[in-house]
Amino acid sequence: MQILRCVALSAALALLPGVACPQGKTAPKDAKLYFITPHDGQKVRGGFLVRFGLRNMGVTHAGDDYQNAGHHHLLIDVNDPVDPKEPILQDKSHLHFGAGQTETLLDLPPGTHTLQLVLGDAKHYPFEPPVVSDKITVRVRPLPQRGK
């Protein structure tokens, strides 16, 4: 009877929802994520090209579980640090490039904005240690007014 209770308890515990755990993917210590364009402090107009740079790791699609490879995430005006135990959010401030893209045309409203890159693993978790770029600031100028 005791064995039957243990089996039932084990089965019940196995059915409980588990806590989401990061994959724990490690990144090479010399991995570097950076912006090719724009440069920190650059003034831009309208839609502008953002190009991502990565050294000592590869770029792949989200869901592809290759060693030392991930996909880009662009954080716009995000002040909170990336939590390595949580997947990277996906919203208007956390853009995902799960098809392996290494650049994008970004259209932001006029004003000062911060940009930062984070490399995510196959399941959108940051690597350990996190592979993040320096945060840069860009100033988006309004488009020139056309005469009427």
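Notes on the structure follow. Note that this is a predicted model, so its numbers are computed, not measured.

## Regarding the packing of aromatic side chains
A complete count under the given rule lists 1 aromatic pair for this structure. With centroids separated by 5.1 Å and ring planes inclined at 65 degrees, the aromatic side chains of phenylalanine 52 and phenylalanine 97 adopt a geometry described as edge-to-face. With phenylalanine 52 in strand β3 (residues 48-55) and phenylalanine 97 in strand β6 (residues 94-97), this pair connects stretches of sequence that are 45 residues apart. On the basis of relative accessibility, which here comes to 5%, the residue phenylalanine 52 falls in the buried class. For phenylalanine 97, a relative accessible area of 6% corresponds to the buried category.

## Observations regarding the environment of proline 142
Along the polypeptide, proline 142 turns up in the segment after β9 (136-141). Residues proline 142 and leucine 108, 34 residues apart in the sequence, show an inter-C-alpha distance of 9.9 Å.

## So, the pattern of salt bridges
Taken as a whole and assessed by the stated rule, the structure comprises 2 salt bridges. Here lysine 25 ties to aspartate 65 by a salt bridge, and the two come within 2.7 Å at their closest N and O atoms. Taken together, the residues lysine 25 in the loop between α1 (2-15) and β1 (32-37) and aspartate 65 in the loop between β4 (58-59) and β5 (69-76) connect sequence positions 40 residues apart. Across the pair glutamate 103 and arginine 51 runs a salt bridge, and its minimum N-O distance is 3.4 Å. Within this pair, whereas glutamate 103 is found in strand β7 (residues 103-106), its partner arginine 51 is found in strand β3, the two being separated by 52 residues in sequence. Taking relative accessible area as the criterion, glutamate 103 reaches 41% and is therefore assigned partly exposed. On the basis of relative accessibility, which here comes to 35%, the residue arginine 51 falls in the partly exposed class.

## Notes on a positive patch on the surface
A grouping of Lys43, Arg45, Arg139 and Arg141 is seen on the molecular surface, where their side chains present a positively charged patch. Contributions of two or more residues to the positive patch are made by β2 (43-45) and β9. Tracing the backbone through its elements, the reader meets arginine 141 in strand β9.

## Structural notes on the nonpolar core
Core analysis: the largest hydrophobic core is formed by 23 residues, its most contacted members being Phe48, Met57, Leu74, Leu106, Leu115 and Val131. Elements that contribute at least two residues to this core include exactly β1, β3, β5, β8 (111-120) and β9. When residues of this core are assigned to their parent elements, the largest contribution, 4 residues, is made by β3. With residues up to four places along the chain from it excluded, the contact list for leucine 106 reads Gly46, Gly47, Phe48, Val50, Leu74, Ile76, Leu95 and Leu115.

## Structural notes on the sheet that holds β7
With antiparallel pairing, the 3 strands of this open sheet are ordered in space as β1-β3-β7. Among the strands making up the open sheet, the edge pair consists of β1 and β7. Going from strand to strand, the sheet's axes swing by 30 degrees on average, the running direction of each strand aside. Of the pairings in the sheet, the one linking β1 to β3 comprises 5 bridges and is antiparallel in character. Along β3, the bridge assignment pairs threonine 37 with arginine 51.

## Considering the layout of surface pockets
The calculated volume of the largest pocket comes to roughly 180 Å³. As for the largest pocket, its lining consists of Leu75, Val78, Asp80, Pro81, Val82, Asp83, Glu86, Pro87, Ile88, Leu89 and His94. A per-class count over the lining of the largest pocket returns 7 nonpolar, 1 polar and 3 charged.

Conventions adopted
Residues numbered from 1 in each chain as written. Predicted model: local features only at pLDDT ≥ 70, side-chain atom pairs only at ≥ 80, totals over all residues. Heavy atoms only, no water. Phe/Tyr/Trp six-rings, centres within 6.5 Å; stacked < 30°, edge-to-face > 60°. Helix = DSSP H or I, 4+ residues; strand = E, 2+ residues; numbered from the N terminus. Buried < 20%, exposed > 50% of the residue type's maximum accessible area, 1.4 Å probe, protein only. Salt bridge = Lys/Arg side-chain N within 4 Å of Asp/Glu carboxyl O. Patch = residues over 30% accessible without salt bridge, like charges linked within 9 Å, V, L, I, M, F, W, Y side chains within 5 Å. Areas by Shrake-Rupley, 256 points an atom, 1.4 Å probe, with all protein chains shown as cover. Lys, Arg positive; Asp, Glu negative; His and termini not counted. Charge placed at Lys NZ, Arg CZ, Asp CG, Glu CD. Core = buried A, V, L, I, M, F, W, Y, C linked by side-chain atoms within 4.5 Å. Contact = heavy atoms within 4.5 Å. Pairing = 2+ DSSP bridges. Axes fitted to C-alpha atoms, helices over the stretch in contact; angles between N-to-C directions. 1 Å grid on protein atoms, 1.4 Å probe; cavity = no way out; pocket = protein on both sides within 12 Å on 5 of 7 lines; lining within 4 Å. Points joined across faces, edges and corners; volume = space filled by probe spheres on them. Nonpolar A, V, L, I, M, F, W, Y, C, P; charged D, E, K, R; others polar.

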